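Given next are the chains, with one letter for each unit.
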There are 2 protein chains.
Amino acid sequence: MPNISRWIEEATDQVAGLPGIGRKTALRLVLHLIKKSPEEVTRFTQSIQNVKEHIKACQECHQLSDDTVCEVCKNPTRNQQLICVVQDFRDVLAIEQTGQFNGLYHVLGGLISPMDGVSPSDLNISTLLERVERKNVQEVLLALNATMEGETTSFYLYRKISPFQIKISNIARGVAVGGELEYTDEVTLGRSILNRTPYEMTLNR
Amino acid sequence: MPNISRWIEEATDQVAGLPGIGRKTALRLVLHLIKKSPEEVTRFTQSIQNVKEHIKACQECHQLSDDTVCEVCKNPTRNQQLICVVQDFRDVLAIEQTGQFNGLYHVLGGLISPMDGVSPSDLNISTLLERVERKNVQEVLLALNATMEGETTSFYLYRKISPFQIKISNIARGVAVGGELEYTDEVTLGRSILNRTPYEMTLNR
């Protein structure tokens, strides 16, 4: 960018640091913000500061929450014996959106990926096993991406949870193979929860 | 979005208010910011606050500036007798990027558009005429979009500036550099033939 304004340059650099935002788009967004009233800009930046300050990980299921225990874990009407294992918080949102799931969640915080140096110990797996035991969980529903890393992680969890002799299910392969949960339409995603299959069936394919 | 976190919801709403950013992208950006350190988030929001607080419109040419008079207008090595008229600040940046223009700018702040209720009095036209007179300007270069609104505005300015009996030019319309004739629309191609330039000029670039 030509040497015109260091303030615009700085703000553009910051916005362009967001994923999927190039410098031209960043500049467009900054110029859009400049046109807003000071109050609107403050509301914008304050909302981001607030989210950073107030959001924590739920100490039970590790999903993002306003409190030390999230709304889902706190809710007594939800099935405490059913835990849905997901990769990250966005998957929780995607599944909540379907309205088809009434259990609790467990956010792994990633998937096993030797290529990226992510091993099981980097994920929230020990707390999952601890929860399964402590809470007398009856079913663990694996809802991980239908990718190599997702399948690997599912299999790893299957082996870890099997000794508890509880039901281990997998969301139905209505989700396109190679697809990601976040971008699946809610009807398909909801169907895949209703049609969850015993993990053994996945193994036999 | 499910009722999970009001902080995330608020921040997502704010980010989704930016042009071209949908709710899914907004959520992705907010979650990205949550993962950053508090210092990084503060640097991000502060840069946006700074740009809003410190940026003003140059009192001469109306482009965005850190100061009451912009770097271009302040620069004594630039041709003070040549003014390039553009629609908005991004056009200034685009032209500066070419390194081919050494005069001053004048930012109209829009284009005449009866459909959108934009009349000449809504634009920075009186200050342009005042500058032309006061600064003894020798040439006004019209660099507006090649659209209906751009052409209308150019023609309006041409009629307003003509009485000063100075040179009024228009940026060349023609086949884009690297463009193929076959895929150029016929109006542009026709214009490029009418406005053909001596071949020596091409050679010297």
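These numbers were taken from a predicted model, which means no experiment stands behind them.

**Some remarks on the environment of B:T98**
Residue and element names in this part refer to chain B. Turning to its location among the elements, T98 is positioned in helix α5 (residues 89-98). Since 8 C-beta atoms lie within 10 Å of it, T98 is described here as exposed. Spatially, the C-alpha atom of T98 lies 23 Å from that of A57, the residues being 41 residues apart in sequence.

**Regarding the sheet that holds strand β5 (residues 139-142) of chain B**
Residue and element names in this part refer to chain B. On the basis of which strands lie adjacent, the open sheet formed by 4 strands has the order β4-β3-β5-β6 and parallel pairing. Strand pairing shows two members of the sheet lacking a second neighbour, β4 (104-107) and β6 (167-170), which therefore form its edges. Sheet twist, expressed as the average angle between the axes of neighbouring strands with direction ignored, equals 25 degrees. Pairing of β5 with β6 involves 4 bridges; the strand directions are parallel. Paired with L142 across the two strands is N170, which belongs to β6. Across the sheet, α5 touches β3 (82-86) and β4, and the angle it forms with β3 is around 125 degrees.

**Regarding the sheet that holds strand β5 (residues 139-142) of chain A**
Residues and elements named next belong to chain A. In space, the 5 strands of this open sheet follow the order β4-β3-β5-β6-β7, with mixed pairing throughout. Two strands close off the open sheet at either side, each with one partner strand: β4 (103-107) and β7 (197-198). Across the sheet, helix α5 (residues 89-98) touches β3 (79-86) and β4, and the angle it forms with β3 is around 125 degrees.

**Thoughts on the confidence of the model for chain A**
Residues and elements named next belong to chain A. Residues at a pLDDT of 70 or more form 94% of chain A, whose mean pLDDT is 89. Mean pLDDT across the secondary structure elements of chain A bottoms out at helix α9 (residues 199-203), with 70, and peaks at β4, with 96. Reported confidence for the predicted complex is 0.79 by ipTM and 0.76 by pTM.

**Examining the interface of chain A and chain B**
With 42 residues of chain A in contact, the opposing surface of chain B contributes 43 residues. Residue assignment for the side of chain A that touches chain B shows that the elements contributing at least two residues are α1 (6-16), α2 (23-35), α3 (38-54), β2 (64-65) and α5 of chain A. For the side of chain A that touches chain B, the element with the most residues is α3(A), which contributes 12 residues. Classifying every residue of the side of chain A that touches chain B gives 22 nonpolar, 11 polar and 9 charged.

**Considerations on helix α3 (residues 38-54) of chain B**
Compared with the 24 Å implied by 1.5 Å per residue over 17 residues, the 24 Å span of α3(B) between its first and last C-alpha is a close match. Those residues of α3(B) lying buried are B:F44, B:T45, B:S47, B:I48, B:V51 and B:K52. Taken around the axis of α3(B), the buried residues stretch over an arc of 140 degrees, which confines them to a single face. Exposed and oriented more than 90 degrees from the buried face of α3(B) are B:P38, B:E39 and B:E53. Looking at the packing, one finds that the buried side of α3(B) touches α1, α2 and α3 of chain A together with α2 (23-35) of chain B.

**Considerations on the nonpolar core**
Counting residues in hydrophobic clusters, the biggest one holds 98 residues, and the most contacted among them are A:V85, A:V86, A:A143 and B:V85. Once residues within four sequence positions are removed from consideration, A:V86 is found in contact with A:D91, A:V92, A:I95, A:Y105, A:V107, A:L108, A:A143 and A:L144.

Definitions and limits used
- Residues numbered from 1 in each chain as written.
- Chains lettered and ligands numbered in written order.
- Predicted model: local features only at pLDDT ≥ 70, side-chain atom pairs only at ≥ 80, totals over all residues.
- Helix = DSSP H or I, 4+ residues; strand = E, 2+ residues; numbered from the N terminus.
- Buried ≥ 20, exposed ≤ 12 C-beta atoms within 10 Å, placed from the backbone.
- Pairing = 2+ DSSP bridges.
- Axes fitted to C-alpha atoms, helices over the stretch in contact; angles between N-to-C directions.
- Contact = placed C-beta atoms within 7 Å.
- pLDDT = per-residue confidence, 0-100.
- Nonpolar A, V, L, I, M, F, W, Y, C, P; charged D, E, K, R; others polar.
- Expected span 1.5 Å × (residues − 1).
- Arc of directions from axis to C-beta.
- Core = buried A, V, L, I, M, F, W, Y, C linked by C-beta atoms within 7 Å.

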